[in-house]
Amino acid sequence: MTDGVVLKYDAINPFARGDGVETRLMVGKGISDAAPFTSGTTAFPAGCAAPLHSHNCAEQVTILEGQAEALVGGKLMQLGPMDTSFIPADVPHYFRNTGKEKLVIFWIYGARDVTRTFTDTGETVPHMSPRDQV
């Protein structure tokens, strides 16, 4: 049994995803054996995006800062701070920074073991592994 975990955001080491994109794992495997989900943030410099992809589990994404173009299940939309999406498992999606400032998203996956499948290549990689790049 665990008594819980409290993390200071600035103490979380960012995972470099390429093109200046950085992800920070907040809760999940490697942080707590009791966590049944995975959550964190990703920051995108202006003009950057993750490629079209899907996951093996459901995902919630909330825009914390900046402006985004989101493609979710074939539907394109513009999002700003506190706009939220729910993406079921295996649904292709991306978020692109369309503003001049950085875009920061907060994400929650409904699983401890998360994978990303890149739509263009069909390659599936573990979340935050060396091949999980933008």
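Up top is the structure.
The notes below deal with the structure included here.

Thresholds applied
- Residues numbered from 1 in each chain as written.
- Predicted model: local features only at pLDDT ≥ 70, side-chain atom pairs only at ≥ 80, totals over all residues.
- Heavy atoms only, no water.
- Helix = DSSP H or I, 4+ residues; strand = E, 2+ residues; numbered from the N terminus.
- Buried < 20%, exposed > 50% of the residue type's maximum accessible area, 1.4 Å probe, protein only.
- Contact = heavy atoms within 4.5 Å.
- Areas by Shrake-Rupley, 256 points an atom, 1.4 Å probe, with all protein chains shown as cover.
- Lys, Arg positive; Asp, Glu negative; His and termini not counted.
- Charge placed at Lys NZ, Arg CZ, Asp CG, Glu CD.
- 1 Å grid on protein atoms, 1.4 Å probe; cavity = no way out; pocket = protein on both sides within 12 Å on 5 of 7 lines; lining within 4 Å.
- Points joined across faces, edges and corners; volume = space filled by probe spheres on them.

## Thoughts on the overall build of the chain
Each helix and strand counted, the chain has zero helices and twelve strands in total. Each helix (α) and strand (β) of the chain, taken in turn from the N terminus, gives the series β-β-β-β-β-β-β-β-β-β-β-β. With 134 residues in all, the chain has 41% of them scored as buried. For the chain, the proportion of contacts with a sequence separation of at least 24, taken over those separated by at least 6, is 63%. In the structure as shown, the chain presents an accessible area of about 7300 Å², 55% of it carried by carbon and sulfur atoms. Between the averaged position of the 11 positive side-chain charges in the chain and that of its 15 negative side-chain charges there is a distance of 2 Å.

## Details of empty space enclosed by the protein
The full count for this structure, using the stated rule, is one cavity of 30 Å³ or more. Of the pockets and cavities examined, the largest cavity occupies roughly 120 Å³. What lines the largest cavity is a set of 16 residues, among which His53, Glu59, Ile105, Tyr109 and Arg116 lie closest to the centre.

Bear in mind that shape data such as this cannot, by itself, settle questions of function.
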